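Listed below are the residues making up each chain.
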Amino acid sequence: MKALWSWLLELCDLPTMPTVEEGVRALTGGGLEIEGLTDLGGGFSGVVVAQVVAKRPHPDSTKLTLVDVITAKDGPATQVVCGAPNVPEPGRKVLWARPGATLPGGITLATKPVKGIDSPGMLCAEDELGLGDDHAGIVVLDADDPTALGAPAQRALGVDDWLLDVNVPANRGDCLGHEGLARELAALLGGRLVQHDVSADLVELASELRAADLVELAIDDAAACPRYVGRIVDGVTVGPSPRRFAQRLRAVGVRPISNLVDVTNYVLFELGQPLHAFDWHRLAAPPRIGVRRATAGERLTTLDGNDRALEPGDLVITDGSGPIALAGVMGGQATEVTAATSRILLESASFEARSIRRTARRLGLLSEASQRFERGVDPALADRAAARAAVLLARLGGGKIAVGLADHDRRPPARPPVPLRLARAQMLTGTALTTASCEDALARLGCTATADGDGRWLVSPPSARADLLREVDLIEDVLRVVGYGEVPATLPPLTAAPRPLTSTIADRARRALAAAGLTEAITFGFQAPARLEALGLPVDDRRAQPIAVRNPMSIDQAIMRTSLVPNLLAAIARNLSFGLPDVALFEVGSVFLRADGQPATGEPTALADEPTHAAIVLHGSRPRRFGAAEPWDAFDAKGFALALARALGAGDVAVAAAAAVPYLHPGVGAAITVGGVVVGHLGEVHPDVRARFGIDGPVYLAELDLGRFAEPGPVQMRPVPRFPASSRDVSLLLPEAVPAAEVEAVIAGAAEALLERVALAEEYRDAEKLGPDKKSQLWSITYRAPDRTLTDAEIERAHEGIVARLTAHLPAARR
Amino acid sequence: MDTTPTDALISQLDRLAGEFAAAIAPLDDEQAMRATQAQFLGKKGQVSAVMKELGKLPLADRPRVGEAANRVKDAIAAAVDARLAALADARRAADLARKVDLTLPARPVATGHLHLLTQVRFELVDIFAELGFAVAEGPQIETDWHTFEALAIPKDHPARDMQDTFYVADEIVLRTHTSPVQIRTMQAHPPPIRIVAPGVVYRRDDDATHSPMFSQIEGLVVDRGIRFSDLKGVLTHFANRFFGGSGGLDVRFRPSYFPFVEPGVEVDFTCAFCRGKGCRLCKGTGWIEIGGAGMVDPDVFAAVGIDSEVYTGFAFGMGIERMAMLRHNVSDIKLYYEGDLRFLRQF
Ligand SMILES: [Zn+2]
């Protein structure tokens, strides 16, 4: 909401005149943030009001005029050369930029010859002052302009003023007019609101006509339209608005059109009540004004010339012949005010916020009126605003006001007073509020407070304050007036030990992976569909059935991620494009899968499963001192995965061959299991997949579903060995196809009590010596007993037992 | 003067000491020296051979020869020790003569990096844990009811404009704030409640200071007798712990409107960088806007079945990116989410 400082001051009576800075501070402190403060007349200086006392043509030019001006009654005249075609007759006032004056664009005036005659400065047009775009001629003040000679031009132009850009909270529709802001300012600065009393004007300007004879109201839907006031102003003449009246509208962002239209906008900005002026003669005769829902198939051509199809939810104004306006949104073209208008039906009404909001949004017509109706307009404003506007119309348009008004008044009954308890206010705020401070604040806010026993009141807020419905609303407002600076800082007593409400696994995973030397990335929860498709998942994979965002900002954010992998691959590509060849990243975060039983496509009807995953990607080389690169390989991914699983307290972690994962290399992929259950995968990213992300060179990957890990209990100590261990080696000749895990499994299967540890010590291949598709592995097996030093005989017995088992269960030969 | 056989034997023994010294002089390892020592002193060694002559000597002379033999043995042992010591000295000297250019690159120890937002989140949670707050979480894809309705923001409420929402279905949204965690927590746990809920949220907003995904931390305290002033105290503690250094930062409340709190406030902290004097960061105001807060609205309590006459509470919400930006001088919110190692590795 744009507000003028002068307009606000006009509407309140304050004990001392505040500076604009004080006003801004008070409003901001009260919750009406001033987002901008503009000095309207700040663009120029040294321009003064001067009176033309004589004029004559320039001897050497037909276009130039020599003008004598004075800046004090009976003062000396100065001759100024003027090129404008509209130099007025003597007696009228103009704006003279004297030598030394500065104008927008950094121009400083001096005395300069114009076609041979010195001109001390110049007479100014609007655009030269940075106001409006009128360059048709110099500014000529209205004949009755009261501004004193020699006064700054700003005063005459109505720009010795400040424009406040007020951020009005969503619940304070009452502040979308100067009156509402003035009520706040008065409350905060300890003054009172001033309302224009137009009763005398109504009498003075009354015509012979009676409103009741000229308009009939037939409104059935009291919920959609609780209040409708119609007034008739007759005999008006369309013309431009007075300069300062128009200037106010221009300052708050409304283009002045004509006196009749400008008045409705002026009152809207003054009181917050949207108004509409119909040309009475263009309405059905006699007009029978109704408010109803549109019926399917109805159309209306609105003021902007668009022929609009109406929908049954839209509220329309009718005149007995059909829709003439979209209620609260925009008037109809057929009944709008024109240059020929002489009699006006002025509409001042309140409409249901929800309908206005829906219609305005559907049609993209967010007008000053609709924005106010959406937030709710006080129904009590309607007749005040109608009277004020009628008076202004009659004054500015030279007309008369029909006696009386057409009033549809189906306002809900006045709200019952709201109880307020001092003790509750003190407790809730923790602030030293007193009976006196509460009563003072309520009075300033315009509330009527009746004592209701000790420390209790029954409070009736002003009708404009539709947001003051409950005790807590009153407490807030009392505190607002007292000042939030009065609230002390206290700490709540600790009444219960905090209970852990959430898993710590994700954060433990982050710490473990960072400790292992990886860098954490956080990527968007949504992603481009193409990134998911690049993984090549089969359609029946849950991850290939993402949940789509209905209204994404771009295709890159169109679906919720079902895997952390695509965004991390994209991050590798991005780092490569920055010239960083070595990338080791991890992410721990939610992925979004359709819940069980949900359809595979379309909008879900239930919330998603949001398991937390961890993913690691490696590309390029390990950190090294210098010299030859040491490329990452799949065993790095395995190492990180195992380190993570162990850090999460998983005991029985293994890596096992698994069914092919579509986005992993068919020969370089495996499953990660905990207690035999698959918790993730690792391996090399399929070359086709990484190519789709523009990555040249292998990427190694590990991903784990952290939801598969349980919150571990405290680690229990195992006895530290007290007796020595002994190792024995066995060298095996094995077919290529036997995985190392199988050898380990056979050894473990021996259930040898003395067995402590199995480690692969060496592996080599030599087609000539060993034969093709063969490998030689040297396994080192460690034996230990907890209660004694083992004898050679015991060790040999255990070892030979294991070797025998290996050769019996595997196609293995001892070498 | 004639030498007696005894004297001859003694001088023979003494000579052996000299011979031994000569024998080990070229040796440079202990094992070879010990072998030579054994060769001189063993049963078949030179010393034993000389001592075999002892029986031929008069009884009275034998102690003298015995002394001489011991002298030789000691001399041989001493020669070995001396030689070993000399060798050790030489090795040590050689070792000390080594020079390594330690300005060459280090062998890298892999140092990982937690994301700045993770680090800041950990710190926030720790600070609130000091005041007894536990961490709570909720889903990112959330019902309209938890996100809006239960927070007193019905369908046509103008406040829905303030946070343009991503929809997944009519009644399912990407949460626009962490406040639905308040609702879920109050539904699941009777008061007293004291939680913080950090998490990712989504809004249709994308410019230099807005990202369509960002993270917030929400706080909620519900108990008997919770006051607006307690909110100020908790946030003052937080301000001083997170930004404060030497403390002394104030919290300023400005009235504001959020449908789910009443009174509702915008929270400002004294600018920690100029200590309130005014600087570029605070745009000369001396204050930094940090988030929204207020007392839990009775309508919210009603939605979750808590009696607002018995219990009161406060809630607050702050943007984690903004706090990290302020404290770490991060220039662009986009940097957080691009996986750019040049950014991530700085923290
Ligand atoms: Zn500052």
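Counting of residues starts from 1 at the beginning of each chain's written sequence and follows it residue by residue. All chains are assigned letters beginning at A, and all ligands numbers beginning at 1, according to the order in which they are written. pLDDT decides what is reported in this predicted model: residues at 70 or higher carry local features, side-chain atom pairs at 80 or more are listed and counted, and totals for whole chains, interfaces and linings draw on all residues regardless. Water and hydrogen atoms play no part in the side-chain values, which are based on all heavy atoms of the structure.

### Considerations on the overall build of chain B
Put simply, the rule reads: Comment: elements are numbered from the N terminus, with helices defined as DSSP H or I runs of at least four residues and strands as E runs of at least two. In this setup the radius of gyration rests on C-alpha atoms only. A globule is expected at 2.2 Å times the number of residues raised to 0.38. To sort residues, take the accessible area from a 1.4 Å probe on protein chains only and compare it with the maximum for the residue type: under 20% means buried, over 50% means exposed, and anything in between is partly exposed. It only takes one pair of heavy atoms within 4.5 Å for two residues to be counted as in contact. Under the counting rule used here, the positive set is Lys and Arg, the negative set is Asp and Glu, and His together with the chain ends is not counted. Charged side chains are reduced to one point each, which is NZ for Lys, CZ for Arg, CG for Asp and CD for Glu.
Assigned secondary structure in chain B consists of 11 helices and 10 strands. Relative to the compact-globule value of 20 Å for 347 residues, chain B shows a C-alpha radius of gyration of 43 Å, a clear excess of over 25%. C-alpha extents for chain B along the principal axes are approximately 135 × 45 × 45 Å. Here chain B, with 347 residues, has 54% of them falling under the buried criterion. Across chain B, contacts joining residues at least 24 apart in sequence account for 66% of those joining residues at least 6 apart. Side chains of chain B carry 39 positive and 46 negative charges; the gap between the two charge centres is 10 Å.

### Quick look at the domain arrangement of chain B
The criterion, for reference: Each domain's extent is set by a domain assignment, obtained either automatically or from a database.
The domain boundaries assigned to chain B delineate domain 1 (5–97) and domain 2 (116–344). The straight-line distance from the C-alpha centre of domain 1 of chain B to that of domain 2 of chain B is 89 Å.

### A few points about the domain arrangement of chain A
The accessible area lost on association of the parts is a frequent measure of interface size. Per the domain assignment, the segments of chain A are domain 1 (2–40 + 162–193), domain 2 (45–157), domain 3 (199–409), domain 4 (418–482), domain 5 (505–708) and domain 6 (726–814). Using C-alpha coordinates to define each centre, domain 1 of chain A is positioned 87 Å away from domain 6 of chain A.

### Quick look at the coordination of the zinc ion
Quick note on the threshold: Metal coordination here is assigned from N, O and S atoms located within 2.8 Å of the ion, or within 3.2 Å for Na, K and Ca; omission of water means that sites may look incomplete. The geometry test gives tetrahedral to four donors whose angles all lie between 85 and 135 degrees, gives square planar to four donors and octahedral to six donors whose opposite members are over 155 degrees apart with all other angles between 65 and 115, and gives irregular to the rest.
Protein coordination of the zinc ion is provided by B:Cys271 (SG), B:Cys274 (SG), B:Cys279 (SG) and B:Cys282 (SG), with donor distances spanning 2.2 to 2.3 Å. What the four donor atoms of the zinc ion show is an angle range of 104 to 114° at the metal, which sorts the shape as tetrahedral.

### Let's talk about the sheet that holds strand β36 (residues 664–674) of chain A
Residues and elements named next belong to chain A. Going by this rule: Any two strands with at least two DSSP-identified bridges between them are counted as paired.
Overall, mixed pairing links the seven strands, which are arranged β30-β33-β34-β38-β37-β36-β35 in an open sheet. Every interior strand has two partners, whereas the edge strands, β30 (519–520) and β35 (653–656), have only one. Note that strand β34 (residues 612–619) and strand β38 (residues 699–705) share seven bridges and pair antiparallel. Paired with Ala-614 across the two strands is Leu-704, which belongs to β38.

### A short note on the sheet that holds strand β1 (residues 2–4) of chain A
All names here are of chain A. The condition is simple: A fitted line through C-alpha atoms represents every axis, and for helices the fit uses only the stretch in contact; the resulting angles, taken between N-to-C directions, go from 0 to 180 degrees.
The antiparallel open sheet is built from three strands, whose spatial order is β1-β12-β3. What marks the edges here is a single partner per strand, and that holds for β1 and β3 (33–39). Taken over all neighbouring pairs, the strand axes of this sheet differ in orientation by 25° on average, direction set aside. Relative to strand β12 (residues 162–167), β1 runs antiparallel, the two sharing three bridges. Across the sheet, Lys-2 pairs through a bridge with Asp-165, a residue of β12.

### Some thoughts on the state of the cysteines
Residues and elements named next belong to chain A. Under the convention used in this document: By convention in this document, the label disulfide applies to cysteine sulfur atom pairs within 2.5 Å.
A complete count under the given rule lists zero disulfides over all chains for this structure. Looking at Cys-82, it has no disulfide partner, and the nearest cysteine sulfur is the one in Cys-124, 9.4 Å off. Cys-124 sits in the buried class, given a relative accessible area of 0%.

### Points about the interface of chain B and chain A
As a reminder of what qualifies: Two parts placed together each lose some accessible area; with a 1.4 Å probe, that loss summed over both constitutes the buried area. We count a salt bridge whenever a side-chain nitrogen from Lys or Arg sits within 4 Å of a carboxyl oxygen from Asp or Glu.
Across the boundary between the two partners, chain B contributes 92 residues, which contact 89 residues of chain A. Summed over both sides, the interface between chain B and chain A buries roughly 7500 Å², with carbon and sulfur atoms accounting for 60% of that surface. On the chain B side of the contact with chain A, B:Ile141, B:Asp156 and B:Pro255 bury the most area, a combined 9% of that side's loss. The interface formed by chain B and chain A includes five salt bridges.

### Quick notes on helix α2 (residues 30–41) of chain B
Residues and elements named next belong to chain B. Applied cut-off: Here the expected length of a helix is defined as 1.5 Å per residue gap, with one fewer gap than residues. Arc definition: directions from the helix axis to the C-beta atoms.
In this model, α2 (12 residues) spans 16 Å end to end at C-alpha, consistent with the 16 Å of a helix rising 1.5 Å per residue. Taken together, the buried positions of α2 are occupied by Met-33, Thr-36, Gln-37 and Phe-40. Projected down its long axis, α2 shows its buried positions confined to an angular sector of 105°, all on one face. Lining the buried residues of α2 we find α1 (5–24), α3 (46–51) and α4 (62–96).

### Notes on unusual backbone geometry
For the bond running from A:Ala285 to A:Pro286, omega is -10°, close enough to zero to count as cis. By the secondary structure assignment, A:Pro286 is in the loop between β17 (275–279) and β18 (288–293). Along the chain, B:Pro191 connects to B:Pro192 via a cis peptide bond; the corresponding omega equals 5°. One can find B:Pro192 in the loop between α7 (180–188) and β5 (193–202). One non-glycine residue, A:Asp773, lies in the positive phi region at around 55°. Within the fold, A:Asp773 resides in the loop between α21 (767–770) and β41 (774–783). Positioned with a positive phi, B:Lys283 is a non-glycine residue whose angle comes to about 50°. In this structure, B:Lys283 sits in the loop between β8 (261–270) and β9 (287–296).

### Comments concerning the pattern of salt bridges
Overall, the coordinates contain 78 salt bridges over all chains when judged by the stated rule. Notably, a salt bridge pairs A:Asp633 with A:Arg622, separated by 3.7 Å at the nearest N-O pair. Of this pair, A:Asp633 sits in the loop between β34 and α18 (634–647) while A:Arg622 sits in the loop between β34 and α18; the two residues are 11 residues apart in sequence, bridging distant segments of the chain. Close ionic contact of B:Asp340 with B:Arg342 constitutes a salt bridge, the shortest N to O distance being 2.8 Å. Classification of B:Asp340 as buried rests on a relative accessible area of 5%.

### Notes on the confidence of the model for chain B
The test is simple: For every residue, the pLDDT score states the predictor's confidence, bounded by 0 at the bottom and 100 at the top.
Mean pLDDT over chain B stands at 90; residues scoring 70 or higher make up 98%. As a predicted assembly, this complex carries a pTM of 0.85 together with an ipTM value of 0.86.

### Some details on the side chain of A:Ser258
Here A:Ser258 shows up in the loop between α7 (243–251) and α8 (259–271). For A:Ser258, the residues in contact, after removing those within four places along its chain, are A:Val238, A:Gly239 and A:Ser241.

### Remarks on the packing of α2(B) against α4(B)
Residue and element names in this part refer to chain B. Formally: Roughly parallel here means an angle under 35 degrees, roughly antiparallel means over 145, roughly perpendicular means 65 to 115, and every remaining angle is called oblique. Three residue categories are used. Nonpolar comprises Ala, Val, Leu, Ile, Met, Phe, Trp, Tyr, Cys and Pro, charged comprises Asp, Glu, Lys and Arg, and polar comprises the others, including Gly.
At a closest axis distance of 11 Å, the pairing of α2 and α4 adopts a crossing angle of 170°. One finds that α2 runs roughly antiparallel with respect to α4. Between α2 and α4, the contacting residues are Glu-30, Met-33, Arg-34, Gln-37, Phe-40 and Leu-41 on the first element and Lys-73, Ile-76, Ala-77, Val-80, Asp-81, Arg-83, Leu-84 and Leu-87 on the second. Of the residues in the contact of α2 with α4, the class split is eight nonpolar, one polar and five charged.

### What about the pairing of β36(A)?
Moving residue by residue along a regular strand, the side chains alternate between the two faces of the sheet. Residues and elements named next belong to chain A. Across four bridges, the pairing between β35 and β36 is antiparallel. Opposite Ala-654, over in β36, you have Thr-673 as the bridge partner. Inspection of the sheet shows β36 paired to strand β37 (residues 677–685) by seven bridges, in the antiparallel sense. By the bridge assignment, Ala-671 is partnered in β37 with His-681.

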